[in-house]
Amino acid sequence: MARRRVQTFLLILICSLLGLYGCKSPASEGREWRFALEEIKGGVQDAYAMRFKALIEERSQSEITVSVYPYGTLGTSDQITELVNNGAVHFAMASPGHLGKIIPEVQVFLLHFLLSDDDNINRQIYRELQKMPVFKTLYAEKGLEFLAFYPEGWMAWTTQQPVRRPEDFAGMKLRVMTSSLLLAAYQNYGASPIAMPYSEIYSALQLKMIDGQVNPVFAIEEMSFYEVTDYLIFPRQAQFIGSAVASQAFFERLPASEQQMVREVIAQVNDEIYDVQAEYNRERLEVIAERSDIQMIKLNDAERAAFAEAYQPVYDIYKNLAGERGAALLADVQALVARMQAAQS
Ligand code: 6CS
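What counts and how
- Residues numbered from 1 in each chain as written.
- Predicted model: local features only at pLDDT ≥ 70, side-chain atom pairs only at ≥ 80, totals over all residues.
- Heavy atoms only, no water.
- Helix = DSSP H or I, 4+ residues; strand = E, 2+ residues; numbered from the N terminus.
- Buried < 20%, exposed > 50% of the residue type's maximum accessible area, 1.4 Å probe, protein only.
- Contact = heavy atoms within 4.5 Å.
- Polar contact = N/O pair within 3.5 Å; in protein donor to acceptor, adjacent residues only side chain to side chain.
- Phe/Tyr/Trp six-rings, centres within 6.5 Å; stacked < 30°, edge-to-face > 60°.
- Lys NZ or Arg CZ within 6 Å of the ring centre and 35° of its normal.
- Pairing = 2+ DSSP bridges.
- Right-handed = clockwise from strand over helix to strand, strands pointing away.
- Domains from an automatic or database assignment.
- Buried area = accessible area lost by both parts, 1.4 Å probe.
- Salt bridge = Lys/Arg side-chain N within 4 Å of Asp/Glu carboxyl O.
- Near = heavy atom within 4 Å.
- Areas by Shrake-Rupley, 256 points an atom, 1.4 Å probe, with all protein chains shown as cover.
- Nonpolar A, V, L, I, M, F, W, Y, C, P; charged D, E, K, R; others polar.

Caption draft 1: Structural detail: the environment of Arg-175. Summarising the element assignment, Arg-175 is placed in strand S5 (residues 174-176). According to the relative accessible area criterion, Arg-175 is buried, its value standing at 1%. Once the C-alpha coordinates of Arg-175 and Val-106 are considered, the two residues, 69 residues apart in sequence, prove to be 20 Å apart. Ignoring anything within four residues of it in the chain, the contact list for Arg-175 reads His-98, Ile-194, Met-196, Pro-197, Tyr-198, Ile-201, Ile-210, Gly-212, Gln-213, Val-214 and Asn-215. A polar contact of 2.7 Å, which involves the side chain of Arg-175, links it to the backbone oxygen of Met-196.

Caption draft 2: Expanded view of the packing of aromatic side chains. Counted under the stated rule, the structure contains 27 aromatic pairs. Centroid distance Trp-157 to Tyr-186: 6.4 Å. Interplanar angle 80 degrees. Geometry classified as edge-to-face. Here Tyr-186 lies in helix H7 (residues 180-189) and Trp-157 lies in strand S4 (residues 144-159), a separation of 29 residues in the sequence. Each member of the pair, Trp-157 together with Tyr-186, is buried. Residues Phe-169 and Tyr-186 carry aromatic rings whose centres are separated by 5.7 Å and whose planes lie at 85 degrees to one another, so their mutual orientation is edge-to-face. With a gap of 17 residues between them, Phe-169 in the loop between S4 and S5 and Tyr-186 in helix H7 connect regions that are remote in the sequence. Exposure class is identical for Phe-169 and Tyr-186. Each is buried. We note Arg-284 situated over the ring of Tyr-280; from NZ or CZ to the ring centre the distance is 4.5 Å.

Caption draft 3: The pairing of strand S2 (residues 65-69), seen in detail. Pairing of strand S1 (residues 32-36) with S2, which is carried by five bridges, proceeds in the parallel orientation. Among the inter-strand pairings, Ala-36 is bridged to a residue of S2, identified as Tyr-69. Crossover handedness for the path S1 to helix H2 (residues 44-59) to S2: right-handed.

Caption draft 4: How the structure looks around the domain arrangement of the chain. Along its sequence, the chain is organised into domain 1 (26-152 + 239-282) and domain 2 (156-238 + 293-344). For domain 1 versus domain 2, the separation of C-alpha centres amounts to 23 Å. If you look at the interface, domain 1 gives 42 residues, while domain 2 gives 43 residues. Summing both sides of the interface, domain 1 and domain 2 together bury roughly 3900 Å²; the carbon and sulfur share of this comes to 66%. Considering only the surface of domain 1 that becomes buried against domain 2, Leu-111, His-112 and Phe-113 emerge as the three largest contributors, covering 20% of it. Between domain 1 and domain 2 we count four salt bridges in total. The partner of Asp-119 in a salt bridge is Arg-236, and the shortest N-O contact between them spans 3.9 Å.

Caption draft 5: Broad picture of unusual backbone geometry. Unusually for a residue other than glycine, Gln-61 sits at a positive phi of about 50 degrees. Phi is positive for Ser-224, close to 60 degrees, though the residue is something other than glycine. By the secondary structure assignment, Ser-224 is in the loop between helix H9 (217-222) and strand S8 (231-234). The buried category is assigned to Ser-224, whose relative accessible area is 19%.

Caption draft 6: View of the site of the ligand. All residues adjacent to the ligand are Glu-38, Glu-39, Ser-77, His-98, Glu-152, Arg-175, Met-177, Tyr-198, Asn-215, Pro-216, Ala-219 and Phe-240. Contacts to the ligand include Glu-39, whose side-chain N or O atom sits 2.7 Å from a nitrogen atom. The contact in question runs from an oxygen atom of the ligand to an N or O atom on the side chain of Arg-175, over 2.7 Å. Contact with the protein chains hides 100% of the accessible area of the ligand, taken as 300 Å² for the molecule alone. Considering only residue class, the shell around the ligand consists of five nonpolar, three polar and four charged.

Written out as structure tokens, the structure reads:
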């Protein structure tokens, strides 16, 4: 904990020296908006931020420029969240898999077998989720302006051993994002999950400190996790959900017209990113297949049902972690999924 505080202090110090940190009013900031990512250049978040940049610069007639900081330039996900909270950066990606430590309710998006199996239905569910007022409140309590949720693809397991049944996880050291719900969920399957930052996964796999990890295909390709694991397993248990946020203090000082511009641009990018992430995940699966002899396993319905059944206690763990508001949110999301599925059938 003390080490993390020192790291964050050093990061803010570096940001100050680079001129990234300050309490200037938007009008005196040289109209540069800084956007920090939890992923490297070329990823889904980069595509999102670059499109945001293009649209903001176009609509403001270049009065505002957006600088994008990919993962590796400013720190881990937790540090990026602190930087946007402090106002050192204006916009950031904050995925629930890490953000859940400070907003436990948002871990609802980490729950397995919550969404539909049908991606067309999920696309509509994501559109509806944006409108739930509770997210604005939850994020605002932590100094964050909630902008949007968006999917980055189905989470896949890359492991050293095949996994077809929950029992196959027994004792497996699986890296998960830094959320207590994820730790509890994989413990519930029988694994020995370990939370660590994204940047440490490759070497931990290489050094056999962990036996596997969980991420969408595009990330498995661009972070080269497929090089250091033998199996790529598709359980279609949950999608990776990202959230775009702004520094609340910064956002509130913007003129209403610019707040409106940001919201409109985010709505447009959020809609467009759905096809982008689907394309990235499709294309990069082909790259993995071409470049490696990793064995791919798609769980069948019966195998998925066994995981879904084994997962049930985790819903109560979520309710304990996320309290009354979390339980209400879960009920709302479940009702939304049921409504969307019924409308399609
Ligand atoms: O596993 C992680 O920590 C990261 N995975 C992705 C796909 N995006 C950001 C996140 O931090």
